[in-house]
Amino acid sequence: MVEIEALDAPFGAVVGGVDLREVESTAAAAIGEAWIEFGLLVFPDQHLTPGEQDEFARQFGDLEFTATPLTNLRRDSSLRTDPDDHFVRSLQGNEGWHHDSTYLPLQAKGAVFSAEIVPSDGGATGFADMRAGYEALDDDLRERLDGLAAHHSRRYSMERAGLHIADDVAHQLYGYDVGEPPLRPLVKVHPDTGRANLLIGQHAFDIDGMPSTESEELLDRLNADACAAPRTYHHEWTVGDAVLWDNRRLMHRATPHDPEQPRRMWHTRIAGDPTTETALNY
């Protein structure tokens, strides 16, 4: 029987009593309902293979991409420690708060993420509740945001973080350049809950029709306020953990760890529904 226990946080739950390799329809339905209710589900002690992780993720939609390693290890198991290595810079770019794939025409629905190798200290993954972030706004700011939309770009967020990627290697990084930056509303209604959520994060820039300086100031304010206690939770990883999060409600970020220690995580991204997650200008 699926056992669900709320985290000691404003959102999220730990799920027990289930082996994600063998999720039958009743359990899958219960997990799906909990996912929408809590936004983040933590499944301890699963130790999934990449293929098993993908099969579990397919319970919740088509895949944007199959299990992909996020790691500081090369294929020969040597460590990437050079700060000028563009793969290292790409990993560092994940340390800003963001929704996945807002920089693509179709925003992701969610993701399954699991831990194969973890450092002895650091490397937690943070999550922030954008539904709670919107609900914490005062009425005047909510009214100001109504109808506003911002562009999203991974190139923008990397450059602003000081993580320049040379043009000759940029094509190797997922979603770095997609042509016209997608335009997305600052406030988006969740298609399953009907609740309003902020849609912001480090990839958002140049609010349509607003001067760049004013846009940057507003987005920075929204990000700082929304991604603050009590609206955040940081998951400290244990080998074998898997999590499922709702990318339409939560932002997330990586946190630093000792670059001399190996870390390998596996990310399976669940594709968004084109009827609800397509950018306004696509």
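Placed above this text is the structure.
Parameters at a glance
Residue indices follow the written sequence of each chain, beginning from 1 at its first position. Since the coordinates come from a predicted model, pLDDT governs what is reported: local features require at least 70, and pairs of side-chain atoms require 80 or more to be given and counted, while whole-chain, interface and lining totals use all residues. Computation of side-chain values: all heavy atoms of the structure, hydrogens and water removed. Going along the chain from the N terminus, every DSSP run of H or I of four or more residues is numbered as a helix, and every run of E of two or more is numbered as a strand. The size measure is the radius of gyration over C-alpha atoms, and the globule rule it meets is 2.2 Å times the number of residues to the 0.38 power. The buried label goes to any residue with under 20% of its type's maximum accessible area, the exposed label to any with over 50%, and the partly exposed label to all in between, with areas taken from a 1.4 Å probe on protein chains only. Any two residues whose heavy atoms approach within 4.5 Å are treated as being in contact. Throughout, the protein atoms alone are placed on a 1 Å grid, and a set of points is a cavity if a 1.4 Å probe fits but cannot get out or a pocket if it is open with protein on both sides within 12 Å along at least five of seven lines; lining residues have an atom within 4 Å of a point. Grid points are joined across faces, edges and corners, and a volume is the space filled by probe spheres set on the points. Here, the term nonpolar core denotes a set of buried Ala, Val, Leu, Ile, Met, Phe, Trp, Tyr and Cys residues that are joined through side-chain atoms within 4.5 Å. A helix is expected to reach a length of 1.5 Å times the quantity of its residues less one. Think of it as the arc spanned by the lines of direction from the helix axis to the C-beta atoms. Here, any two strands with at least 2 DSSP bridges between them count as paired. Between N-to-C directions, angles span 0 to 180 degrees; the directions come from axes that are lines fitted to C-alpha atoms, helices contributing only their stretch in contact. Patch definition: residues above 30% relative accessible area lacking any salt bridge, with like charges linked at up to 9 Å and the nonpolar side chains Val, Leu, Ile, Met, Phe, Trp and Tyr linked at up to 5 Å. Every accessible area reported is derived by Shrake-Rupley at a probe size of 1.4 Å, with residue values counting cover from the shown protein chains alone. Salt-bridge detection follows one rule: a side-chain nitrogen of Lys or Arg within 4 Å of a carboxyl oxygen of Asp or Glu. The sign given to each residue is positive for Lys and Arg and negative for Asp and Glu; His and the chain ends receive no count. Lysine's charge is taken at NZ, arginine's at CZ, aspartate's at CG and glutamate's at CD.

A. Up close: the overall build of the protein. If you tally the helices and strands in the protein, you get nine helices and 15 strands. Here the protein has a C-alpha radius of gyration of 18 Å; the compact-globule value for 282 residues is 19 Å, and the two agree. Oriented by its inertia axes, the alpha-carbon framework of the protein measures out at about 50 × 45 × 35 Å. Here the protein holds 282 residues, and 51% of them are scored as buried. Pairs at least 24 apart in sequence give 81% of the contacts found in the protein among residues at least 6 apart.

B. Layout of the layout of surface pockets. Reported here for the largest pocket is a volume of approximately 1300 Å³. Forming the walls of the largest pocket are 47 residues, and the residues nearest its centre are Leu70, Thr71, Phe87, Leu91 and Asn94. Looking at the lining of the largest pocket, the elements with two or more residues in it are strand S4 (63–71), helix H3 (86–93), helix H6 (154–160), strand S14 (250–254) and strand S15 (264–270). Residue contributions to the lining of the largest pocket peak at six residues, all from H3.

C. Representation of the nonpolar core. Within the largest apolar cluster, 23 residues are counted, with the highest numbers of intra-cluster contacts made by Leu20, Val23, Ile31, Leu41, Phe43, Phe56 and Leu244. Broken down by element, this core gets its largest block of residues, six residues, from helix H1 (residues 25–38).

D. Structural detail: helix H8 (residues 212–226). With 15 residues, H8 should reach 21 Å at 1.5 Å per residue; the first-to-last C-alpha distance of 21 Å fits that figure. The complete set of buried residues in H8 reads Ser215, Leu218, Leu219, Leu222, Asn223 and Ala226. Looking straight down H8, one finds that the buried residues subtend no more than 130° of arc, so they occupy a single side. When the buried face of H8 is taken as reference, the exposed residues oriented beyond 90 degrees from it are Thr213 and Glu217. Check the buried side of H8 and you find it contacts helix H4 (130–135), helix H5 (139–145), strand S10 (196–198), strand S11 (204–207) and S14.

E. Main features of the environment of Tyr176. Tracing the sequence through the fold places Tyr176 in the loop between helix H7 (167–170) and strand S8 (183–185). As for Tyr176 and Asp129, which are separated by 47 residues in sequence, their C-alpha atoms are 25 Å apart. Excluding residues that lie within four positions of it along the chain, Tyr176 makes contacts with Arg154, Arg155, Met158, Glu159, Ile165 and Ala170.

F. Inspection of the sheet that holds strand S6 (residues 125–129) at higher detail. Strand order across the open sheet formed by three strands is S12-S6-S14, with antiparallel pairing between neighbours. Strand pairing shows two members of the sheet lacking a second neighbour, strand S12 (232–235) and S14, which therefore form its edges. Direction aside, neighbouring strands of the sheet carry axes that sit 20° apart on average. Direction of pairing for S6 relative to S12: antiparallel, over a ladder of four bridges. In the sheet register, Gly126 faces S12, and the bridge partner there is His234.

G. Up close: the side chain of Asp246. Here Asp246 shows up in strand S13 (residues 242–246). In this view, Asp246 contacts Trp35, Ile36, Gly39, Lys109 and His190; residues no more than four positions away in its chain are not counted.

H. Structural context of a negative patch on the surface. Taken together, Asp138, Asp139, Asp140, Glu143 and Asp146 make up a surface patch of like negative charges. Inspection of the secondary structure assignment puts Glu143 in helix H5.

I. Quick peek at the side chain of Gln107. Summarising the element assignment, Gln107 is placed in the loop between H3 and strand S5 (110–117). The class of Gln107 is buried, set by a relative accessible area of 1%. Apart from residues no more than four positions distant in its own chain, Gln107 is found in contact with His99, Asp100, Ser101, Thr102, Arg184, Leu199, Asn247, Arg248, Gly272 and Glu277.

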